Amino acid sequence: MTTLSRRQSTIGPYSPLFYDEPLEFASASGVWLTDIHGVRYLDGYNNVPQVGHAHPRVVEALSEQASRLNIHTRYLNDRVVEYAERLLALFDSPLDRVMFTNSGSESNDLALRIATQHSGARGILISDFSYHGHTAALAALTTGLAAREGLGAHVRTIRIPDLDGADHGRDPGTVLAESLAEVDAAIASLNEEGHGVAAWLFDSLFSTEGLNRLPEGYVAAVGARVRAAGGLLIADEVQAGFGRTGAHYWGYQLHGLVPDLVTMGKPMGNGHPLGGVVLPAALLDEFGPRNMYFNTFGGNPVSSAVGLAVLDVLRDEDLLARAESTGTAVREQLALLGERFDFIGPPKGAGMFSGFAVSDGAGAPDAARTKRLVESVKADRILISRIGRHDNVLKMRPPLPFGPDEAELLIAALDRALSASS
Ligand SMILES: Cc1ncc(COP(=O)(O)O)c(C=O)c1O
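Position numbers for residues count from 1 along each chain, tracking the sequence in the order it is written. The predicted origin of the model limits local features to residues at a pLDDT of at least 70 and limits the giving and counting of side-chain atom pairs to 80 or more, whereas totals for whole chains, interfaces and linings rest on all residues. As a rule here, side-chain values cover all heavy atoms of the structure and leave hydrogens and water aside.

### Considerations on the sheet that holds strand β15 (residues 393-396)
- On the basis of which strands lie adjacent, the open sheet formed by 4 strands has the order β11-β12-β15-β14 and antiparallel pairing. Two strands bound the open sheet, and with one partner strand each, they are β11 (348-350) and β14 (385-387). Taking the axes of each pair of neighbouring strands and ignoring which way they run, one obtains an average angle of 25° across the sheet.
- Paired strands are those between which DSSP finds at least two bridges. What counts as a helix is a DSSP run of H or I of at least four residues, what counts as a strand is a run of E of at least two, and both are numbered from the N terminus. Bridging between β11 and strand β12 (residues 353-357) involves 3 bridges; their strand directions are antiparallel. Within the sheet, the bridge partner assigned to Ala350 lies in β12 and is Phe353.
- Throughout, a residue-residue contact means that at least one pair of heavy atoms, one from each residue, lies within 4.5 Å. Axis lines are fitted through C-alpha atoms, for helices just across the contact stretch, and the angle between N-to-C directions can take any value from 0 to 180 degrees. Of the strands in this sheet, β14 and β15 touch helix α11 (residues 367-379), which is tilted by about 155° from β14.

Quick look at the structure:
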């Protein structure tokens, strides 16, 4: 029996697998993966191994701590406190407390709970094409993936503008005004139906949406409206955090605001399950006495040792600067490809997260062509993927050590794939 058939008869056929012919990897190091047949693939996709696959310092920190002590958080442990201190030093005031979890879903679920209790309201604003996790509370506000629950009565969706997508060619000022009017209407509707406004939960890079290019000031203006209505801003940094945007540690810093709650996951433990919620002391001091928050695995000594090693590597290998320079170079090359292939849109993204929209040549999103591009790039032994409402935005989001040499390989493979697709 193949691994695929064994997987289907145990885990089932419903959890997604990439590619027509799924890949099975045996090992990985840095930005390279090796499959079970010994074939090497360049990783242009994975953001969980943020500092590179199997980074020796992360592996060493994990095994050293695991061989000494791992225990839940009801005992004092200096390593855990050190990690909290180091992590919080990376945030803007007044974000000065952290609650540890094990995943992005758990972090968002906890942040919603805190916002709901703080505001005394239930209403949530959410992008009309987004994903924030799989708990019951999050399934009721999932718009970008199938979820049988459907939207909760307390949820209102807003369309995130995209000056390179649906709003292409339109006056940014008009797009901004229309988008904010939609937010006002959503808030009014929540108030009229007695839900009030608890929070706006948003991905700071709008990655599921397709890396939208926003009108200047959009996020800050929505944030001001939500706060005026009594709600809190929850910045989901599961995708955008830990230096992914190059210029900053946190994606919210691109938007000129400081959110009330920041949620983290994926890259935080470089593959080890580690997540968290960062918030001001005032919010924790309100939530803490009313709720006994205890998380058996969240922020245990091994997770904290791993988290510390990730922060050390980000700093010592200057990976934010690398994300910025390599990401900018990739987008410059994508712009050149755009001059040659009229069916691709302008480069999107920030730092080490790039993409572009693929159309049918007449301007309509072309998901089938985008899928073929992803498969062709795979045939060149490079991993990328696709996102967006129409599944037509190529997604390139490698581990941060991805450098100029790897960028050249990626661009050459894209060039071949685009030429074959013309
Ligand atoms: C923006 C965002 N938030 C939250 C999550 C959920 O994280 P997890 O799968 O760790 O629960 C994801 C996962 O893809 C995500 O992309």
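### Thoughts on the site of the ligand
- What makes a residue near a molecule or strand is one non-hydrogen atom of that residue sitting within 4 Å of it. All residues adjacent to the ligand are Ser103, Gly104, Ser105, Asn108, Tyr131, His132, Gly133, Asp203, Asp236, Val238, Gln239 and Lys266.
- The contact in question runs from an oxygen atom of the ligand to an N or O atom on the side chain of Ser105, over 2.5 Å.
- Burial of the ligand by the protein amounts to 83% of the accessible area it has alone, namely 390 Å².
- Element by element, the count of residues in the shell around the ligand is highest for helix α4 (residues 104-119), at 3 residues. Whenever a nitrogen or oxygen atom comes within 3.5 Å of another N or O atom, the pair is scored as a polar contact, on the condition that within protein one atom can donate a hydrogen and the other can accept it, and that pairs from neighbouring residues in sequence are kept only if both atoms are in side chains. Working definition of accessibility: Shrake-Rupley area with a 1.4 Å probe, residue cover restricted to the visible protein chains.

### Topic: the pairing of β15
- Any residue under 20% of the maximum accessible area for its type is buried, any over 50% is exposed, and the rest in between are partly exposed; the area is computed with a 1.4 Å probe on protein chains only. Of the two faces of β15, the one holding Val393 and Lys395 and the one holding Leu394 and Met396 are both buried throughout.
- Where β12 lies against β15, 4 bridges are found, and the strand directions are antiparallel. Residue pairing for β15: Gly355 is matched across the bridge by Lys395.
- Of the pairings in the sheet, the one linking β14 to β15 comprises 3 bridges and is antiparallel in character. Across the sheet, the residue bridging to Ser385 is Lys395, located in β15.

### Quick notes on the domain arrangement of the protein chain
- All the domain ranges listed were derived from an automatic or database domain assignment. Here the protein chain is described as being made up of domain 1 (3-51 + 318-421) and domain 2 (56-316).
- A separation of 25 Å is found between the C-alpha centroids of domain 1 and domain 2.
- Each partner contributes to the interface: domain 1 provides 29 residues, whereas domain 2 provides 35 residues.
- Reported buried area values correspond to the accessible surface (1.4 Å probe) lost by two parts on association, with both partners' losses combined. Interface of domain 1 and domain 2: buried area, both sides summed, is about 2400 Å²; carbon and sulfur atoms make up 58% of it.
- The working definition used for a salt bridge is a side-chain nitrogen of Lys or Arg within 4 Å of a carboxyl oxygen of Asp or Glu. Along the contact surface separating domain 1 from domain 2 lie 2 salt bridges.
- Notably, a salt bridge pairs Asp162 with Lys348, separated by 2.8 Å at the nearest N-O pair.

### Some details on the pattern of salt bridges
- For the structure shown, the criterion picks out 21 salt bridges.
- For the salt bridge of Asp312 with Arg57, the shortest nitrogen-to-oxygen distance reads 4.0 Å. You can see Asp312 sitting in helix α9 (residues 301-316) and its partner Arg57 sitting in helix α2 (residues 56-68), a full 255 residues away along the chain.
- Taking relative accessible area as the criterion, Asp312 reaches 17% and is therefore assigned buried.

### Section: the packing of aromatic side chains
- Note on ring pairs: Phe, Tyr and Trp rings are taken, using the six-membered ring of Trp, and paired if centres are within 6.5 Å. Classes follow the plane angle, with under 30 degrees stacked, over 60 edge-to-face and the rest tilted. Overall, the coordinates contain 10 aromatic pairs when judged by the stated rule.
- Centroid distance Tyr83 to Phe100: 5.5 Å. Interplanar angle 15°. Geometry classified as stacked. With a gap of 17 residues between them, Tyr83 in helix α3 (residues 78-88) and Phe100 in strand β4 (residues 97-101) connect regions that are remote in the sequence.
- Exposure remark for Tyr83: the relative accessible area of 0% places this residue in the buried category.
- By relative accessible area, which is 10% here, Phe100 ends up buried.
- Aromatic ring contacts, followed pair by pair, group Phe91, Phe242, Tyr249 and Trp250 into a single cluster.
- Criterion for a charge above a ring: Lys NZ or Arg CZ within 6 Å of the ring centre, and within 35 degrees of the ring normal. Seen from the ring of Trp32, Arg40 lies directly overhead, with NZ or CZ sitting 4.3 Å from the centre.
- Seen from the ring of Tyr45, Arg397 lies directly overhead, with NZ or CZ sitting 4.5 Å from the centre.

### A look at the nonpolar core
- What we call a nonpolar core is a set of buried Ala, Val, Leu, Ile, Met, Phe, Trp, Tyr and Cys residues that are connected through their side-chain atoms within 4.5 Å. With 86 residues, the main nonpolar core has Leu87, Trp200, Leu314 and Leu414 as its most contacted residues.
- Here this core gets 8 residues from one element, more than from any other, and that element is α9.
- Here this core spans two domains, since at least three of its residues come from each of domain 1 (3-51 + 318-421) and domain 2 (56-316).
- Not counting residues within four places of it along the chain, the set of residues in contact with Leu414 comprises Leu334, Leu337, Phe356, Val377, Ile384, Leu394 and Met396.
- Counting residues in hydrophobic clusters, the runner-up holds 23 residues, among them Ala121, Ala198, Leu232 and Val277.

### What about the pairing of strand β5 (residues 124-127)?
- Neither face of β5 is exposed, since Ile124 and Ile126 on one face and Leu125 and Ser127 on the opposite face are all buried.
- Inspection of the sheet shows β5 paired to strand β6 (residues 155-158) by 4 bridges, in the parallel sense. Residue Ile124 lies in a different strand from β6, and its bridge partner there is Val155.
- In this sheet, strand β7 (residues 199-203) lies alongside β5 in parallel orientation, the contact comprising 3 bridges. Bridged to Ile126 within β7 is Leu201.

### Digging into helix α12 (residues 404-421)
- How far a helix is expected to stretch is found by multiplying one less than its residue total by 1.5 Å. The terminal C-alpha atoms of α12 lie 25 Å apart, and with 18 residues this matches the ideal 26 Å at 1.5 Å per residue to within 8%.
- When α12 is considered as a whole, its buried residues turn out to be Glu406, Ala407, Leu410, Ile411, Ala413, Leu414, Ala417, Leu418 and Ser421. Buried residues along α12 cover an arc of 165° about the axis, so they all sit on one side. Across α12 from its buried face, at more than 90 degrees, point the exposed residues Pro404, Asp405, Glu408 and Ala420. Within this analysis, the arc is defined by the directions that extend from the helix axis to the C-beta atoms.

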